[in-house]
Amino acid sequence: MTYKKMSIEDIIHEYEQIRLNNFRKSQERKEEIYNKIPRIKDIDEESSLSYIKAAKMKLNNQSDEDVELIKEKNRRLTEEKKELLKNNNYPEDYLEPIYNCSICKDTGYVNQDRCRCFTNKIIDGLYEQSNLRNIFKKENFDTFSLDYYSKELYSGDRAYSPYENVKNILSLSHKLIDKFDTDTGCANILIYGETGLGKTFLTNCIAKELLDRNHSVFYLSANELFEDVLAGFIMQNNDSYFDLYNLIYNCELLIIDDLGTELTNNFVLSELFEIINKRSIMNKSTLISTNLSIKQLRDRYTERIMSRIVDNYTVFNIYGENIRYKKRKQAINSQT
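Residues numbered from 1 in each chain as written. Predicted model: local features only at pLDDT ≥ 70, side-chain atom pairs only at ≥ 80, totals over all residues. Heavy atoms only, no water.

Draft legend 1. Molecular detail of the overall build of the protein. Within the protein, the secondary structure is distributed over 13 helices and 7 strands. By the compact-globule yardstick of 20 Å for 336 residues, the protein is too spread out, its C-alpha radius of gyration being 27 Å. Counting only C-alpha atoms and orienting by the principal axes, one finds that the protein spans roughly 85 × 50 × 35 Å. The 336 residues of the protein split such that 42% are buried. (Helix = DSSP H or I, 4+ residues; strand = E, 2+ residues; numbered from the N terminus. Rg over C-alpha atoms; globule rule 2.2 N^0.38 Å. Buried < 20%, exposed > 50% of the residue type's maximum accessible area, 1.4 Å probe, protein only.)

Here it is as structure tokens:
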């Protein structure tokens, strides 16, 4: 996939439209309630005047007791308002401000930092540029089939058949995904095995599930990560890659697909360690898929990279017969 420069201005404009639309909805709700329950309009007007009165009393250094009496009166009015809404089959918060994101109140920022919803909008824009959305529709947990994996014990000292192994991996994948919805939410995964065994399919399943749960997932092949984004931003000082570079460290799950297909050099080794180490320290999750064996990974990458992976990652080894070959064979046989 190719990621183009993101238009942050377009996203900011989108927030402006969201706030405007929600304000209009709030006004429509208020008009609806005022017409149906006039007493609530009286309560709102009375409460507004009381707040103004309390503010003036504070400025004039009047006693806290007088101010507290006004506050107590407003609390009673608020409870009456909630009761009126409830008795008329409306939620108690029906007249509260409407926000798509309650965290940033549709501004996109929390304490000058981008809100998670802002990051998700950037990622949504990236996926619109690529074909990943369409791929996720085809490759997800609902379409993942165990039928291609043999129930016979595999060659070597494998304790499980390919079928049992992948079934266990799917079960553990769901448990790791559930961690994202908890406070501990960090789940690092290394998926390795030969070509055509379903590693990318499983990666897409995990990515789609987390995206459906509104988590931020940034998906890059190893080539895109090192040769496009990192080389463009760090080596070429190209600011158009800034937002992509920022996502590498701040998304909830970074996926590095096909590690080992990139041209490995000192730059790649240094940046890979930086990503793995920093994301671990920040309690951010990383998923790496590769056709390389553990031995090949050790030979190709530094010991400190591998030690971080061994210590902090759940390792999935997928083995068995080449599924792509099986599918092609079935397609050919069906035509004869």
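Draft legend 2. Structural view of the side chain of Asn317. As for its position among the elements, Asn317 is in strand 7 (residues 314–317). Residue class for Asn317 comes out buried when judged on its relative accessible area of 15%. Discounting chain neighbours no more than four positions away, the residues touching Asn317 are Arg158, Asn165, Ile169, Tyr192 and Gly193. (Contact = heavy atoms within 4.5 Å.)

Draft legend 3. Spotlight on a negative patch on the surface. On the surface, Glu79, Glu83, Glu92, Asp93 and Glu96 cluster together to form a negatively charged patch. Inspection of the secondary structure assignment puts Glu83 in helix 3 (residues 64–87). (Patch = residues over 30% accessible without salt bridge, like charges linked within 9 Å, V, L, I, M, F, W, Y side chains within 5 Å. Areas by Shrake-Rupley, 256 points an atom, 1.4 Å probe, with all protein chains shown as cover. Salt bridge = Lys/Arg side-chain N within 4 Å of Asp/Glu carboxyl O. Lys, Arg positive; Asp, Glu negative; His and termini not counted. Charge placed at Lys NZ, Arg CZ, Asp CG, Glu CD.)

Draft legend 4. Inspection of the packing of helix 6 (residues 162–179) against helix 7 (residues 199–212) at higher detail. Between helix 6 and helix 7, the shortest axis-to-axis distance is 11 Å and the interhelical angle comes to 30 degrees. The angle between the axes of helix 6 and helix 7 places the two elements in the roughly parallel class. The hand of the helix 6/helix 7 crossing is right-handed. Taken together, the residues of helix 7 that come into contact with helix 6 (itself represented by Ile169, Leu170, Ser173 and Ile177) are Leu202, Ile206, Glu209 and Leu210. By residue class, the composition of the contact of helix 6 with helix 7 is 6 nonpolar, 1 polar and 1 charged. (Axes fitted to C-alpha atoms, helices over the stretch in contact; angles between N-to-C directions. Parallel < 35°, antiparallel > 145°, perpendicular 65-115°, else oblique. Left-handed = near helix turned anticlockwise from the far one by under 90°. Nonpolar A, V, L, I, M, F, W, Y, C, P; charged D, E, K, R; others polar.)

Draft legend 5. Geometry of the packing of aromatic side chains. In this structure the tally under the stated criterion is 9 aromatic pairs. Where Tyr15 meets Phe118, the ring centres are 5.7 Å apart and the plane angle is 25 degrees; that geometry is what we call stacked. Of this pair, Tyr15 sits in helix 1 (residues 8–36) while Phe118 sits in helix 4 (residues 116–129); the two residues are 103 residues apart in sequence, bridging distant segments of the chain. Overall, the relative accessible area of 2% leaves Tyr15 in the buried class. An aromatic cluster is present here, built from Phe233, Phe242, Tyr245 and Tyr249 joined pairwise through their rings. Lys121 extends its terminal NZ or CZ atom over the ring of Tyr15, reaching a point 5.4 Å from the ring centre. It is Lys151 that lies over the ring of Tyr163; its NZ or CZ is 4.6 Å from the centre. (Phe/Tyr/Trp six-rings, centres within 6.5 Å; stacked < 30°, edge-to-face > 60°. Lys NZ or Arg CZ within 6 Å of the ring centre and 35° of its normal.)

Draft legend 6. Representation of the nonpolar core within the structure. In this structure, Phe144, Leu202, Ile206, Phe218, Ile248 and Leu259 are the most contacted members of the largest nonpolar core, which totals 77 residues. Within the second largest apolar cluster, 7 residues are counted, among which are Ile33, Ile37, Tyr90 and Tyr94. (Core = buried A, V, L, I, M, F, W, Y, C linked by side-chain atoms within 4.5 Å.)

Draft legend 7. Structural context of unusual backbone geometry. In this structure, Gln112 is a non-glycine residue whose phi angle is positive, near 70 degrees. If you trace the backbone, Gln112 turns up in the loop between strand 1 (109–110) and strand 2 (113–114). In this structure Gln112 comes out as exposed when scored by relative accessible area, which is 77%.

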